Amino acid sequence: MGFSFMFRSPATVFSAAVILRIVFLVYGHFQDAFSPMKYTDIDYFVFTDAARFISHGQSPYTRDTYRYTPLLAWFIYPTTWPGFWFSFGKVLFAVGDIVAGWMMFRILRSHHKMSTSRALKFASIWLLNPMVATISTRGSSEGLLGVIVTALLWSVLAKRIRLAGCLLGLAVHFKIYPFIYAASIVWWLDGDNKSQGRPRRLDTTNSPYERVRHFVNPERVILAIHSLVTFMALNIVMYSIYGFPFLEHSYLYHLIRIDHRHNFSPYNTLLYLNSAPGTHSSASFELERLAFVPQILLSAVMIPLALAKQDLPSTMLAQTFAFVTFNKVCTSQYFLWYMMFLPFYLPDSTLLRSRITGATALVLWILGQAAWLQQGYQLEFLGNSTFVPGLWTASMLFFVVNVGILGIIIQDAQRKKSIPGRTPPVKKT
């Protein structure tokens, strides 16, 4: 029987998810108080310091290393109040985890037509995941992002296009990377050309004008207008209040960032070398600047065009996985960006149908991180030089593992695309 009784009722699963996060919050408080290695993420102190500057009528960018939208600092404004309110942000992020999990459950029930028990099991991949709970209760804001992105997926599948456009604009304002989803959503919104779950091929004899007219359908226009208006409105408001520092730290900084600490990326060693004054070479400079080319081509162009027509959730997973894998900066928090799509991908995946493949992929993914963390600990905490071959080798091995998993995800999405008679997207009534 095992733990199957837990999945009979949503109340049981969500209660367990809440308790899990309460336990981590309490444990984190004691670890911060009594251990030299703190539980609270350093970024949380950046967030709360920015909120404190706002409470004094100053810019959040007065706080060094605050590279986020002012909305985040506004959301956690209560952390500036005395007493236990300092943990308000952690609670908010944990609640975000729960809300995202609830929406995952609803999507699995409505779009994937799962039973309550089966939907709860797959939603628990997020809800009862210790890694997800740990990251949010340490003070990472990914829980809020999870709410926005999951709501975006739900609104698209439910054909609530105006809401989807607003959520897409908000998501890109909150964290730049969700812009990659625009391509897959636009490609998926193919009007009434889905029959039996398969997109009807456009007649190649049509004139260029007819093809353009077919592509620019009302849903795509509505999505574009609402997303652009939401994104620009938020940016105009923030720029009017905080000026150029808002653009510099929220957007422009990410084009030149050279973060190297806790960075699983193969570019880690190069970024470390380039972070030292006077060490830039023309070759390394160009490589660093061009790192986004394969990343964007894969995540924002090739994967959406190849997969999005039929299986939107799996496409968004593949996009995110590619974006994180090929990004020049890759930290543990980024893993949550694609983990929020696993409940939708795994039910029909090779990783579950083949236990050997699934177990091998999971073990290699964990071992890849462990190998890097062992080398990173030697370097960042003990001061031992482990750049070559240790850290570089660990980064490359983890990269290879992730590319292999990405290949499996893409193959699964292609297989789903070829299956006739799949359930077509839910249309708004």
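Residues numbered from 1 in each chain as written. Predicted model: local features only at pLDDT ≥ 70, side-chain atom pairs only at ≥ 80, totals over all residues. Heavy atoms only, no water.

(A) Structural context of the nonpolar core. Membership of the largest hydrophobic core comes to 108 residues, with the highest contact counts inside it found for Y66, W126, Y181, F335 and F341. Looking at this core element by element, the count peaks at ten residues for helix α21 (residues 387–417). For W126, the contacting residues outside a window of four places in its chain are R21, D97, A100, G101, M104, V132, L336, M339 and M340. (Core = buried A, V, L, I, M, F, W, Y, C linked by side-chain atoms within 4.5 Å. Buried < 20%, exposed > 50% of the residue type's maximum accessible area, 1.4 Å probe, protein only. Helix = DSSP H or I, 4+ residues; strand = E, 2+ residues; numbered from the N terminus. Contact = heavy atoms within 4.5 Å.)

(B) Representation of empty space enclosed by the protein within the structure. On inspection of all chains with the given rule, the structure shows one cavity of 30 Å³ or more. A volume near 50 Å³ is recorded for the largest cavity. Around the largest cavity, the lining residues are F264, S265, P266, V324, T325, C330, S395, F398, F399 and N402. No other element matches α21, which puts four residues into the lining of the largest cavity. Partitioned by chemical class, the residues of the lining of the largest cavity number six nonpolar, four polar and no charged. (1 Å grid on protein atoms, 1.4 Å probe; cavity = no way out; pocket = protein on both sides within 12 Å on 5 of 7 lines; lining within 4 Å. Points joined across faces, edges and corners; volume = space filled by probe spheres on them. Nonpolar A, V, L, I, M, F, W, Y, C, P; charged D, E, K, R; others polar.)

(C) Just the UniProt feature "transmembrane region" (unreviewed entry) in the protein chain, in detail. When the UniProt feature table is mapped onto this chain numbering, "transmembrane region" (unreviewed entry) sits at residues 12–30, 84–107, 143–159, 166–189, 221–247, 320–344, 356–375 and 387–410. Across residues 12–30, helical content stands at 100% and strand content at 0%; the span's end C-alpha atoms are separated by 27 Å. Split by type, residues 387–410 is 100% helix and 0% strand. Its first and last C-alpha atoms lie 32 Å apart. (UniProt positions renumbered as here; feature names shortened; annotations may be inferred.)

(D) Representation of the side chain of S299 within the structure. Among the structural elements, S299 can be located in helix α15 (residues 292–307). Looking at S299, the relative accessible area reads 0%, which means it is buried. A polar contact is formed between the side chain of S299 and the backbone oxygen of Q295, at a distance of 2.7 Å. Excluding anything up to four places from it in sequence, S299 contacts I180, P304, Q319, A322 and F323. (Polar contact = N/O pair within 3.5 Å; in protein donor to acceptor, adjacent residues only side chain to side chain.)

(E) Layout of the packing of aromatic side chains. Scanning the model with the defined rule gives 34 aromatic pairs in all. Plain terms: the ring middles of F14 and F105 are 6.4 Å apart, the flat faces sit at 75° to each other, and that makes the pair edge-to-face. One end of the pair, F14, is in helix α1 (residues 10–34); the other, F105, is in helix α4 (residues 88–110), with 91 residues separating them in the sequence. The pair formed by F14 and F105 is uniform in burial state, with each residue classed as buried. (Phe/Tyr/Trp six-rings, centres within 6.5 Å; stacked < 30°, edge-to-face > 60°.)

(F) Broad picture of helix α7 (residues 142–157). For α7, spanning 16 residues, the distance from its first C-alpha to its last is 22 Å, which sits close to the expected 22 Å at 1.5 Å a residue. Among the 16 residues that make up α7, 14 are buried, leaving the element largely enclosed by the rest of the structure. K159 sits one or two residues past α7 and shows a positive phi near 60°. (Expected span 1.5 Å × (residues − 1).)

(G) Looking closely at the layout of surface pockets. As a volume, the second largest pocket reaches approximately 480 Å³. If you trace the second largest pocket, you find 17 residues lining it, with L342, L346, L351, L362 and W365 closest to the centre. Residue assignment for the lining of the second largest pocket shows that the elements contributing at least two residues are α17 (335–339), α19 (350–353), α20 (355–380) and α21. Residue contributions to the lining of the second largest pocket peak at five residues, all from α20. Residue composition of the lining of the second largest pocket, by class: 15 nonpolar, two polar and no charged.

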